[in-house]
Each structure stands twice: as structure tokens, then as C-alpha cells.
Amino acid sequence: MSLNEFRRPISVDSAPRGSRCEWCGQPAEQQLTAIGGIYHNEGGLFCRPCGEQFSLAVVTNSARTAANDTNLHPL
Ligand SMILES: [Zn+2]
């Protein structure tokens, strides 16, 4: 198993200067947008630790969604 096979359903951009993390209020480092799954188009500005938490939540949920959706075949 390779991490390369693990598609993150998240788009990552740099956070605008001076923006703040939506969860903890610290300076944001990245802007995350979920692609697909129940979090589709949800996202926001996050600092690094919160961004990782958000990614994890999206990945976990999208894996669960994929398992329930016969049209999708997670590799
Ligand atoms: Zn944060």
C-alpha cells in the first residue's frame, strides 16, 4: 500500500495574509476546501494543526461515504 494511492478529497491553497484559523483563531496557514462527500464545498481557513484535523475528518467521512456508495470504488 502506498500513500500515493490515497487521494485526499481536499483542495489546499495558501491562506490570505492576515487571515485567521476558523477553529482556534490563530494565524491561518492554509485554505482548505473539501471536494465531494458530505463536506463538499465546505472548508475554510485553518492553521496547520486544525487543517490536519479538518483533513482527517473529511477523509474519514469520504471513505465512509464511498463505502456506502456503489458507484464509487475506493482503491
Ligand atoms: Zn487552528
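Quick summary incoming for the structure in this document. Remember, it's a predicted structure, so these values are computed and weren't measured experimentally.

Section: the overall build of the protein
Check the secondary structure of the protein and you find one helix and three strands. Put simply, the protein runs from its N terminus to its C terminus through helices and strands in the order β-β-β-α. Partitioning the contacts of the protein with sequence separation of at least 6, the portion at a separation of at least 24 is 36%.

Some points on the sheet that holds strand β1 (residues 10-14)
Taken in spatial order, the three strands line up as β1-β2-β3 in an open sheet, and their pairing is antiparallel. Two strands in the sheet have a free side with no partner beyond their single neighbour: β1 and β3 (43-46). With strand direction ignored, the average angle separating the axes of adjacent strands in the sheet is 20°. Bridge analysis of strand β2 (residues 30-34) against β3 gives four bridges, and the strand direction is antiparallel. By the bridge assignment, Q30 is partnered in β3 with F46.

Describing the environment of G25
Mapping G25 onto the fold places it in the loop between β1 and β2. Separated by 20 residues in sequence, G25 and L45 place their C-alpha atoms 9.7 Å apart.

Observations regarding the nonpolar core
In summary, soluble globular proteins display a tendency toward joint burial of nonpolar side chains. If you look at the biggest cluster of nonpolar residues, it comprises 13 residues, and the most contacted ones within it are C21, A28 and F46. Mapped onto this core, the elements with two or more residues apiece are β2, β3 and α1 (48-68). Residue contributions to this core peak at three residues, all from α1. The contact partners of F46, leaving out residues within four places of it in the chain, are C21, E22, W23, A28, Q30, L32, G51 and F54.

Regarding the pairing of β2
Alternating residues of β2 divide into Q30, L32 and A34, all buried, and Q31 and T33, none buried. Pairing of β1 with β2 involves five bridges; the strand directions are antiparallel. Each residue of the ladder has a partner; that of S14, found in β2, is Q30.

Definitions and cut-offs
- Residues numbered from 1 in each chain as written.
- Predicted model: local features only at pLDDT ≥ 70, side-chain atom pairs only at ≥ 80, totals over all residues.
- Helix = DSSP H or I, 4+ residues; strand = E, 2+ residues; numbered from the N terminus.
- Contact = placed C-beta atoms within 7 Å.
- Pairing = 2+ DSSP bridges.
- Axes fitted to C-alpha atoms, helices over the stretch in contact; angles between N-to-C directions.
- Core = buried A, V, L, I, M, F, W, Y, C linked by C-beta atoms within 7 Å.
- Buried ≥ 20, exposed ≤ 12 C-beta atoms within 10 Å, placed from the backbone.

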